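Descriptive structure summary
Listed below are the residues making up each chain.
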Amino acid sequence: MAIINSLDEMHEFGSSVAKKLNAGDLLLLSGPLGSGKTAFTQGVGKAVGFENITSPTFVISKIYKGNPNLVHVDAYRLQGSADAFFDDLDLESYLPTSITVVEWGEGFVERIAPKFLEFKFSHGNDENQRLVEVIDHGTGIQI
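Figured I'd write up the structure that's included with this text. Values in this document were obtained by computation on a predicted structure and should not be read as measured data.

**Details of the packing of helix α1 (residues 7–18) against helix α2 (residues 37–47)**
For the pair α1 and α2, the least separation of the axes is 7 Å and the interaxial angle reads 50°. Judged by the angle between their axes, α1 and α2 are oblique. Considering the relative orientation of α1 and α2, their crossing is right-handed. Within the contact between the two elements, α1 uses L7, M10, H11, F13, G14, S15, V17 and A18 and α2 uses A39, F40, Q42, G43, V44 and A47.

In structure tokens form, the structure reads like this:
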């Protein structure tokens, strides 16, 4: 369990995780609104060469082209929708060349890849503290 005490620390945590990732890796981020999912993704993005990562809540997904690509998905608006909407994103075609981060992707990511890292975010003891539990679903990546 990681204990994060500030926005800067969340960015640093995301950056440290990114240094262990390669193209083809898939991250599932879950947790309540405001628990740090996008801030974590901003840290991941910065470590692989992308600035200005924003939440794709309204566009659902955004692809940052590089080596590797970063695919950032926010499936919040897809909750309770038909699975076809998620399938239309065609994430499988980007997986081999991308680090893929899916916020609110419970029930979705399991269909596109057998192995992924899950990050469960929660609020801590004060308004700035966040707790992050990491669960490896077959990747072997040590966080």
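**Here we look at the nonpolar core**
Core analysis: the largest hydrophobic core is formed by 23 residues, its most contacted members being M10, F13, L27, F40, L70, F119 and V132. Elements represented by at least two residues in this core include exactly β1 (2–4), α1, β2 (26–30), α2, β5 (98–103) and β6 (116–123). At four residues, the largest contribution of residues to this core is made by α1. The residues contacting V132, other than those within four sequence positions of it, are M1, A2, I4, M10, F13, F119, K120 and F121. If you look at the next biggest cluster of nonpolar residues, it comprises 12 residues, including L26, I60, V102 and I112.

**Quick word on the side chain of E118**
Following the sequence through the fold, E118 ends up in strand β6. Of the side chains bearing the opposite charge, K120 lies closest to the buried E118, which forms no salt bridge; the N-O distance is 4.2 Å. A polar atom in the side chain of E118 sits 2.7 Å from the side chain of H137.

Reading guide: rules and limits
Residues numbered from 1 in each chain as written. Predicted model: local features only at pLDDT ≥ 70, side-chain atom pairs only at ≥ 80, totals over all residues. Heavy atoms only, no water. Axes fitted to C-alpha atoms, helices over the stretch in contact; angles between N-to-C directions. Helix = DSSP H or I, 4+ residues; strand = E, 2+ residues; numbered from the N terminus. Parallel < 35°, antiparallel > 145°, perpendicular 65-115°, else oblique. Left-handed = near helix turned anticlockwise from the far one by under 90°. Contact = heavy atoms within 4.5 Å. Core = buried A, V, L, I, M, F, W, Y, C linked by side-chain atoms within 4.5 Å. Buried < 20%, exposed > 50% of the residue type's maximum accessible area, 1.4 Å probe, protein only. Lys, Arg positive; Asp, Glu negative; His and termini not counted. Salt bridge = Lys/Arg side-chain N within 4 Å of Asp/Glu carboxyl O. Polar contact = N/O pair within 3.5 Å; in protein donor to acceptor, adjacent residues only side chain to side chain.

Geometric values such as these leave the question of function open.
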